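Close look at the chain arrangement
The primary structure of each chain is shown beneath.
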Amino acid sequence: MSQQEKMKNDFLKEVEGYILQLLYTQDLISVLKDIGDLEHKMAAAPNFTLITECALSDSYMLVLMRLYDKSKESKNIYSLIEKCKKNSFLFKNKKEVLSKIAEFQDELEKDKFISHTVNVLRERRDTIYAHNDSKYFGYKIEEDKTYLKTFHIQILVDFTERILTYIFSQLSSEAMNEVKYDNDLKKIFEKQSSSINDKE
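Below is a summary of the structure that appears in this document. (Residues numbered from 1 in each chain as written. Predicted model: local features only at pLDDT ≥ 70, side-chain atom pairs only at ≥ 80, totals over all residues. Heavy atoms only, no water.)

This paragraph deals with the pattern of salt bridges. Once the charged atoms of two side chains with opposite charge are near each other, the side chains can pair. Summed over the entire model, instances satisfying the criterion amount to 13 salt bridges. The salt bridge involving Lys6 is made with Asp10; its shortest N-O contact spans 3.0 Å. Here Lys6 and its partner Asp10 are both found in helix α1 (residues 3–37), four residues apart, which amounts to about one turn of the helix. Its relative accessible area of 37% is what places Asp10 among the partly exposed residues. (Salt bridge = Lys/Arg side-chain N within 4 Å of Asp/Glu carboxyl O. Helix = DSSP H or I, 4+ residues; strand = E, 2+ residues; numbered from the N terminus. Buried < 20%, exposed > 50% of the residue type's maximum accessible area, 1.4 Å probe, protein only.)

Have a look at this one:
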């Protein structure tokens, strides 16, 4: 294996690491959607439902905060873009890849929904998730105005999927890993309902 092939393989493994974080985020969001779709059934356990929804939301927020951290020491989408540019010789279609990466970078910086979501995530990380900022400590959390709507998160997740899918496709001809969650919660309720009907 040549040095360039080794570098390409190492880069591919790194991209796969990003993809694992993306898939985990998508799984968490899918579970949250399942809970919402089964609201009438989950109403029997309101405290469990609330705790689960909060935990799922916190988890995918933290993953997105890591993916869109701007630290030069961390692995994030910004550093991935720069790595693609610096290592463009690893791609078969160098010119095409550089052009597409420039488009992604431009979208990341200029799309109002993406930039807003990233900025809010960074603010929430610095004041709530990573630190006990006195301004939002305890019951003062109710004063937090940095709430993100579902569509903000979905736009950022979709963007993340597009850029990672593209980079992966330029490094490998293999199929990319897919989400694991498959409406499991709905299946549990369907099986439970089926068992009750069988007993009757």
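The subject of this paragraph is the packing of aromatic side chains. The full count for this structure, using the stated rule, is five aromatic pairs. For the pair Tyr68 and Tyr78, a centre-to-centre distance of 6.2 Å together with 90° between the ring planes defines the contact as edge-to-face. Taken together, the residues Tyr68 in the loop between α3 (46–67) and α4 (77–86) and Tyr78 in helix α4 connect sequence positions 10 residues apart. Ring geometry for Phe104 and Tyr166: centres 6.0 Å apart, planes at 55°, overall tilted. Taken as a pair, Phe104 in helix α5 (residues 94–110) and Tyr166 in helix α7 (residues 150–171) lie far apart in primary sequence, 62 residues in all. Exposure remark for Phe104: the relative accessible area of 4% places this residue in the buried category. Residue class for Tyr166 comes out buried when judged on its relative accessible area of 13%. Ring pairing ties together the aromatic residues Phe104, Phe159 and Tyr166, which thus form one cluster. One Lys or Arg, Lys100, reaches over the ring of Phe104 and ends 5.4 Å from the middle of that ring. (Phe/Tyr/Trp six-rings, centres within 6.5 Å; stacked < 30°, edge-to-face > 60°. Lys NZ or Arg CZ within 6 Å of the ring centre and 35° of its normal.)

What follows concerns the packing of helix α6 (residues 112–129) against α7. With their axes 9 Å apart at the nearest point, α6 and α7 run at an angle of 105° to one another. Taken as axis vectors, α6 and α7 run roughly perpendicular relative to one another. Contacts between α6 and α7 involve Phe113, Ile114, His116, Thr117, Val118 and Leu121 from the first element and Phe151, His152, Ile153, Ile155, Leu156 and Phe159 from the second. Looking at side-chain class alone, the contact of α6 with α7 contains nine nonpolar, three polar and no charged residues. (Axes fitted to C-alpha atoms, helices over the stretch in contact; angles between N-to-C directions. Parallel < 35°, antiparallel > 145°, perpendicular 65-115°, else oblique. Contact = heavy atoms within 4.5 Å. Nonpolar A, V, L, I, M, F, W, Y, C, P; charged D, E, K, R; others polar.)

As a further point, take α6. The terminal C-alpha atoms of α6, which comprises 18 residues, lie 24 Å apart, in line with the 26 Å expected from a rise of 1.5 Å per residue. Burial in α6 covers these residues: Ile114, Thr117, Val118, Val120, Leu121, Arg122, Arg124, Arg125 and Thr127. Among the structural elements, α3, α4, α5 and α7 are those in contact with the buried residues of α6. For α6, the N-terminal capping position is held by Asp111, with its side-chain oxygen 2.9 Å away from the main-chain nitrogen of Phe113. (Expected span 1.5 Å × (residues − 1). Polar contact = N/O pair within 3.5 Å; in protein donor to acceptor, adjacent residues only side chain to side chain.)

Another point: the packing of α5 against α7. Here α5 crosses α7 at 165°, and the two axes come no closer than 11 Å. Regarding the angle of α5 to α7, the classification is roughly antiparallel. Here the hand of the crossing between α5 and α7 comes out left-handed. Listed contacts from α7 to Glu96, Val97, Lys100, Ile101, Phe104, Glu107 and Leu108 of α5 are Phe159, Arg162, Ile163, Tyr166, Ile167 and Gln170. Taken together, the residues of the contact of α5 with α7 break down into eight nonpolar, one polar and four charged. (Left-handed = near helix turned anticlockwise from the far one by under 90°.)

Treat this as a map of the structure, not an account of what it does.
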